[in-house]
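# Report on the structure
So the chains spell out like this:
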Amino acid sequence: MDSDEQRYVVIGERAEDSDTIEELAYEVLVGLSSEPKRLPSRFFYDDVGSRLFARIMRLEEYYLTDCEHSILERSGPEILSCMEGRAFNLVDLGAGDGAKTMLLLRHLAEIGADVTYVPIDISEGAMKGLVATIRKELPSIRVEGVVAEYHRGLQWLVRQRSDRANLVLFLGSNVGNFDRAQARGFLGRIWASLRSEDRVLVGFDLKKDIEKLLAAYNDREGVTSAFNLNLLERINRELGANFVTDRFRHFGTYDVTSGAMKSYLVSLDPQDVRVDALDRSFHFDAWEPVHTEYSYKYLRSDLDSLAHDSGFVVEQRFEDERGWFADDLWRPRKGGDDG
Ligand SMILES: C[S@@+](CC[C@H](N)C(=O)[O-])C[C@H]1O[C@@H](n2cnc3c(N)ncnc32)[C@H](O)[C@@H]1O
């Protein structure tokens, strides 16, 4: 165990554990047997995928990062004032490389806050990188990372019944990967884990010019395409499949009715792909799509309903200058509150 590893724990699955391979195998079996075919987006983030996503976040077209960066840069101290004078955990669900959270951590280090940073991420590669960065750049910040799926991370949070308050971050519009019902369920589970003195800060990508959306998910350099295709390469690596990625193309499109950006991998030819771990092949027709990801976009009124329906009160909404992105600070509404 190297010293970075001592600053995070692994709960449940690791990429190399048979559990995760079984889970991936199960999802590939179910997803590629479905009509239309689908693969779940949470398998994007192996080490290669996490590195590709870090590149996506630096792309000019991927406005989400800049928007949220500017919100946290400008309003970070105001956001953090909800925890003023208290010892608290800054819990970062799906922390990734933590680049934007660093803005908050830097401020907390400067004011000498009594904070423990608790990044939770399914990707151990991302966690290693994040822990190393914080140790180097902000050695005074206490880090207790958790490599886990969100829900397991949340269970960990429940077990942490300490006297510390929790400020739970769910940034980057990660919530947009869930459909409306799943988002309500997910946020409801966060609500169930929290006490009324805790807070959540949730990043939402707001509805905007459709051209901006299309450009963000179909970048000119093709990094998003590589990120999407890496899912097939991951299945090749981990399940012994023989996908030829050149025979598929990435396609990102916007559904105005549901407000979802949808990503697909489209088969360019009729083809059969064998998956050794399942001892079977799957047939793809020419131009047959495999759905891989949703990224839902929201109206402000959607955020109000989502907060209400999942048990929260909107305390403050922070938006970037263009009004493209919102970070919403919510308080769990619990018995005894009058809000
Ligand atoms: C879109 S990135 C966002 C990173 C960061 N929060 C930001 O705003 O820049 C998503 C991160 O969530 C993690 N992730 C995705 N699905 C997850 C899941 N089901 N449980 C835990 N982490 C997950 C990925 O590993 C990845 O690092």
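Heads up: the structure comes first, above all this text.
Residues numbered from 1 in each chain as written. Predicted model: local features only at pLDDT ≥ 70, side-chain atom pairs only at ≥ 80, totals over all residues. Heavy atoms only, no water.

## Brief notes about the nonpolar core
What counts, and what does not: We define a nonpolar core as any set of buried Ala, Val, Leu, Ile, Met, Phe, Trp, Tyr and Cys residues linked to one another through side-chain atoms lying within 4.5 Å. Buried residues are those whose accessible area, probed at 1.4 Å on protein chains only, stays under 20% of the maximum for their type, while exposed residues exceed 50% and partly exposed ones sit between those limits. Should any heavy atoms of two residues lie within 4.5 Å, those residues are considered in contact.
Judged by nonpolar contacts, the single largest core of 72 residues is most densely connected at Leu90, Leu105, Tyr117, Ile134, Leu167 and Phe243. Not counting chain neighbours up to four residues away, the residues in contact with Phe243 comprise Leu32, Leu232, Ile235, Asn236, Phe248, Val273 and Phe284.

## Some words on the pattern of salt bridges
Pairing is possible between side chains of opposite charge, provided their charged atoms come close. Stated precisely, the cut-off is as follows: By definition, a salt bridge exists where a carboxyl oxygen of Asp or Glu is found within 4 Å of a side-chain nitrogen of Lys or Arg. Note on conventions: DSSP H or I runs of at least 4 residues are helices, E runs of at least 2 residues are strands, and numbering of each starts at the N terminus.
In the structure shown here, the tally under the stated rule is 26 salt bridges. In this structure, the salt-bridge partner of Glu27 is Arg42, at a minimum N-O distance of 3.5 Å. With Glu27 in helix H1 (residues 18-33) and Arg42 in the loop between strand S2 (37-38) and helix H2 (47-57), this residue pair connects regions lying 15 residues apart in the sequence. Judged by relative accessible area, which is 17%, Glu27 ranks as buried. The class for Arg42 is partly exposed, based on a relative accessible area of 30%. Of the charged contacts, one joins Arg195 and Glu197 as a salt bridge, the two residues approaching to 3.8 Å between their closest N and O atoms. A relative accessible area of 22% means that Arg195 is categorised as partly exposed. Several salt bridges share partner residues, and in doing so they unite Glu23, Glu27 and Arg42 into one network.

## Quick notes on the site of the ligand
Under the convention used in this document: Any residue with a non-hydrogen atom lying within 4 Å of a molecule or strand is treated as near it. Here a polar contact means two N or O atoms within 3.5 Å. Within protein one must be a hydrogen donor candidate and the other an acceptor candidate, and residues neighboring in sequence count only if both atoms are side-chain atoms. Method for areas: the Shrake-Rupley scheme with a 1.4 Å probe, in which residue coverage is limited to the protein chains shown. Residue type decides the class: Asp, Glu, Lys and Arg count as charged, Ala, Val, Leu, Ile, Met, Phe, Trp, Tyr, Cys and Pro as nonpolar, and the leftover types, Gly among them, as polar.
The full set close to the ligand counts 17 residues, and Gly94, Lys100, Asp121, Glu149 and Tyr150 are the nearest of them. In this structure, an oxygen atom belonging to the ligand sits 3.5 Å away from a main-chain N or O atom of Gly96. At a separation of 3.3 Å, an oxygen atom of the ligand approaches a polar backbone atom of Gly172. Protein chains bury 93% of the 600 Å² of accessible surface belonging to the ligand in isolation. Classifying every residue of the shell around the ligand gives 8 nonpolar, 5 polar and 4 charged.

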